[in-house]
Amino acid sequence: MLTDDQAGHPPRQHEGKSTVLTLGPSEIYLCDTTDVSEGEGLRIERPELPEPIAVISSEGQYFAVSDTCSHADASLAEGFVENCQVECPMHFAKFDLTTGRACSLPAIFPIKTYPIQIVDQKIHLTLSD
C-alpha cells in the first residue's frame, strides 16, 4: 500500500475526529457533513485557518462562520441553531448564517462568513487572497 506522499497526494494530518487535507492554496478541508448534525455546530480550530470556525448545519444547508460571537467571547458552535440563524449561548444574540448579520441585541456587529464547497460529503473552506 502506498503512503499519501508516494501516491502523489498531500499528506493527511489527524486533528480530533477530522482529517486535515489542503486541496490548494486557498481550499482547506474542515470536516465531513456527517460530523455536523442538523441544527448543530462544530468548532474547527487549526493553524492554517485565520480564526476558529464554526461549521453549522441548518435547514439542510451547511455554513462556515467565525466561531466567536462579535459581542462576547463565546463559541457560536455551542449556540442554538434555527431558521438559518445561530444564537450565542452567552447573551442570546442571534446571527444570520448566510450573511453574518447581527439579528438581535446585544450584538450589533456582524460575524464573518466563509464560502464553503462540499465535495463527496467533505466540507472545504475557501480562503480569499
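Residues numbered from 1 in each chain as written. Predicted model: local features only at pLDDT ≥ 70, side-chain atom pairs only at ≥ 80, totals over all residues. Heavy atoms only, no water.

A. Layout of the pairing of strand E12 (residues 116-119). Alignment of E12 against strand E13 (residues 122-126), held across four bridges, turns out to be antiparallel. Bridge pairing in E13 places Ile 116 opposite Leu 125. (Pairing = 2+ DSSP bridges. Helix = DSSP H or I, 4+ residues; strand = E, 2+ residues; numbered from the N terminus.)

B. Molecular detail of the side chain of Ser 58. Tracing the backbone through its elements, the reader meets Ser 58 in strand E6 (residues 53-58). The contact partners of Ser 58, leaving out residues within four places of it in the chain, are Glu 38, Phe 63, Val 81, Glu 82, Asn 83, Cys 84 and Leu 97. (Contact = heavy atoms within 4.5 Å.)

C. Molecular detail of the confidence of the model for the chain. The pLDDT averaged across the chain works out to 85; a share of 80% of its residues lies at or above 70. Low confidence marks residues 1-22, where pLDDT is under 50. Its contacts with residues over four positions away, or in another chain, come to 33 contacts. (pLDDT = per-residue confidence, 0-100.)

D. Structural view of the pairing of strand E5 (residues 41-44). Along E5, the buried face is formed by Leu 42 and Ile 44; none of Gly 41 and Arg 43, which line the opposite face, is buried. By the bridge criterion, four bridges tie E5 to E6 in an arrangement that is antiparallel. Within E6, the residue paired with Ile 44 across the bridge is Ile 53. (Buried < 20%, exposed > 50% of the residue type's maximum accessible area, 1.4 Å probe, protein only.)

E. The sheet that holds strand E10 (residues 94-96), seen in detail. Ordered by their spatial adjacency, three strands build an open sheet running E8-E9-E10, and the pairing between neighbours is antiparallel. Each end of this open sheet is capped by a strand with a single partner; those strands are strand E8 (80-82) and E10. Adjacent strand axes in the sheet meet at a mean angle of 20° when their direction is disregarded. In this structure, E8 lies alongside strand E9 (residues 85-87), joined through three bridges in antiparallel fashion. Note on E9: the bridge partner recorded for Glu 82 is Gln 85. (Axes fitted to C-alpha atoms, helices over the stretch in contact; angles between N-to-C directions.)

F. Quick peek at the environment of Cys 103. In this structure, Cys 103 sits in the loop between E10 and strand E11 (113-114). Once the C-alpha coordinates of Cys 103 and Val 86 are considered, the two residues, 17 residues apart in sequence, prove to be 9.7 Å apart. Not counting residues up to four positions away in its chain, the partners in contact with Cys 103 are Gln 85, Lys 94, Phe 95 and Asp 96.

G. Inspection of a nonpolar patch on the surface at higher detail. Together, Leu 105, Ile 108 and Phe 109 line one region of the surface with nonpolar side chains, adding up to about 380 Å² of accessible area. If you trace the backbone, Leu 105 turns up in the loop between E10 and E11. Classification of Leu 105 as exposed rests on a relative accessible area of 65%. (Patch = residues over 30% accessible without salt bridge, like charges linked within 9 Å, V, L, I, M, F, W, Y side chains within 5 Å. Areas by Shrake-Rupley, 256 points an atom, 1.4 Å probe, with all protein chains shown as cover. Salt bridge = Lys/Arg side-chain N within 4 Å of Asp/Glu carboxyl O.)

H. Representation of the nonpolar core. Ile 56, Val 65, Leu 76, Val 86, Phe 95 and Leu 97 are the most contacted members of the largest nonpolar core, which totals 18 residues. Every element with two or more residues in this core is listed here: E6 and strand E7 (61-66). Once residues within four sequence positions are removed from consideration, Val 65 is found in contact with Pro 52, Ile 53, Ala 54, Ile 56, Leu 97, Ile 111, Lys 112, Thr 113 and Tyr 114. (Core = buried A, V, L, I, M, F, W, Y, C linked by side-chain atoms within 4.5 Å.)

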